[in-house]
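Listed below are the residues making up each chain.
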Amino acid sequence: MNSTLNAIVTLSPDILERARTAEKDLTSGRAIGPLHGVPLTIKDTIETQGLRTTSGSRLRANHVPDRDAIVVDRLKGSRRNYSRKRRTRRKMAIPYESDNPVFGRTNNPHALDRTPGGSSGGEAAAIAAGLSPAGLGSDLSGSIRVPAHFCGIVGLKPTTGRVPMDGHTPGADGLLSLGACIGPMARTVCRP
């Protein structure tokens, strides 16, 4: 499915090891968090330590951060995120389509000849296609909300400042900081 969507662009090399660790934790009866072992995905504009983060720009095509964005660090610190996958998106998170010079075009899973929308379109496409249960996108002028609408999933643009933007490229300084945010995307807001 991903070969026709082009939504997941980089897999964490230790994804299977993280899944085995999560399974052991679950079967041992240890206290766990609500997202323990869930293979969450992260938009390619949000830094993940040791895992390529390009922001869809050729200038960053081989950029591998030496630290996690604060939001990723918080997920990892709570032992909730065991599998990190990356999503393609528009160069530097700007236009309303999901096409960039590093990874190419992402397609809408409901109509492959259409866009999944905005710069978080790869995240939305992967979630809608069942390749990921949930993930993180970013939004300034619709980059979470438009793809969520185009792909039939849920996306939330949190109140500005509620989720730290540290570790997101491009940064949101000056007036842009009044509207930019990182937020969750998922298939539904209800528990299964």
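This text goes with the structure placed above it.
Because the structure is a prediction, the values reported are computed rather than measured.

What counts, and where the lines are drawn
- Residues numbered from 1 in each chain as written.
- Predicted model: local features only at pLDDT ≥ 70, side-chain atom pairs only at ≥ 80, totals over all residues.
- Heavy atoms only, no water.
- Core = buried A, V, L, I, M, F, W, Y, C linked by side-chain atoms within 4.5 Å.
- Buried < 20%, exposed > 50% of the residue type's maximum accessible area, 1.4 Å probe, protein only.
- Helix = DSSP H or I, 4+ residues; strand = E, 2+ residues; numbered from the N terminus.
- Pairing = 2+ DSSP bridges.
- Polar contact = N/O pair within 3.5 Å; in protein donor to acceptor, adjacent residues only side chain to side chain.
- Expected span 1.5 Å × (residues − 1).
- Arc of directions from axis to C-beta.
- Salt bridge = Lys/Arg side-chain N within 4 Å of Asp/Glu carboxyl O.

Visitor: Which residues make up the nonpolar core, and what values do they have?
Guide: Among the nonpolar cores identified, the biggest contains 14 residues, and Ile42, Ile46, Val71, Val72, Leu136 and Ile182 are the most heavily contacted of them. For this core, the element with the most residues is helix H3 (residues 70-77), which contributes three residues. Judged by nonpolar contacts, the second largest core, of seven residues, contains Ala148, Cys151, Ile153 and Met185.

Visitor: Outline the pairing of strand S8 (residues 181-186), listing residues and values.
Guide: Successive side chains on a regular strand alternate, one facing one side of the sheet and the next facing the other. Counting buried residues along S8, five of its six residues qualify, which places the element largely inside the surrounding structure. Note that strand S6 (residues 134-139) and S8 share six bridges and pair antiparallel. In the sheet register, Asp139 faces S8, and the bridge partner there is Cys181. Here strand S7 (residues 154-155) pairs with S8 via two bridges, running antiparallel. Bridge assignment links Gly155 to a residue of S8, and that residue is Met185.

Visitor: Describe helix H4 (residues 121-128), and please don't skip the residues or the numbers.
Guide: Across the eight residues of H4, seven count as buried, placing the element largely inside the fold. Taken residue by residue, H4 has Gly121, Gly122, Glu123, Ala124, Ala125, Ala126 and Ile127 as its buried positions. Gly130 occupies a position one or two residues after H4 and carries a positive phi of about 80 degrees.

Visitor: Report on the side chain of Thr10, specifying residues and quantitative values.
Guide: With respect to the helices and strands, Thr10 occurs in strand S1 (residues 8-11). A polar contact is formed between the side chain of Thr10 and the side chain of Arg52, at a distance of 2.9 Å.

Visitor: An account of helix H2 (residues 15-28) is requested, with residue identities and associated values reported.
Guide: Taking 1.5 Å of rise per residue, 14 residues should cover 20 Å, and H2 covers 20 Å from first to last C-alpha, within 8% of that figure. Among the residues of H2, those classed as buried are Arg18, Ala22 and Asp25. Down the axis of H2, the sector holding all buried residues measures 60 degrees, keeping them to one side. Away from its buried face, by an angle of more than 90 degrees, H2 presents the exposed residues Leu16, Glu17, Arg20, Glu23, Lys24 and Thr27. Of the residues trailing H2, Gly29 is marked for its positive phi of about 85 degrees.

Visitor: Tell me about the pattern of salt bridges, and please be specific about residues and values.
Guide: Taken as a whole and assessed by the stated rule, the structure comprises five salt bridges. The closest approach of N and O atoms between Arg67 and Glu47, which form a salt bridge, is 3.9 Å. Linking Arg67 in the loop between strand S2 (41-43) and H3 with Glu47 in the loop between S2 and H3, this pair joins segments that are 20 residues apart in sequence. A relative accessible area of 10% means that Glu47 is categorised as buried. The partner of Asp139 in a salt bridge is Arg145, with the nearest N and O atoms 2.9 Å apart. For Arg145, a relative accessible area of 38% corresponds to the partly exposed category. Ionic contacts of the salt-bridge type, sharing partners, join the residues Glu47, Arg67 and Asp166 into one network.

Visitor: Describe unusual backbone geometry, and please don't skip the residues or the numbers.
Guide: Note the cis peptide between Thr169 and Pro170, where omega equals 10 degrees. Tracing the chain through its elements places Pro170 in the loop between S7 and S8. For Ser55, which is not glycine, the phi dihedral falls at a positive 55 degrees. Examined against the element boundaries, Ser55 turns out to sit in the loop between S2 and H3. Taking relative accessible area as the criterion, Ser55 reaches 0% and is therefore assigned buried.

Visitor: Give a detailed account of the side chain of Ser12, specifying residues and quantitative values.
Guide: Relative to the helices and strands, Ser12 is located in the loop between S1 and H2. In this structure the side chain of Ser12 is engaged in a polar contact, spanning 2.5 Å, whose partner is the side chain of Asp14.

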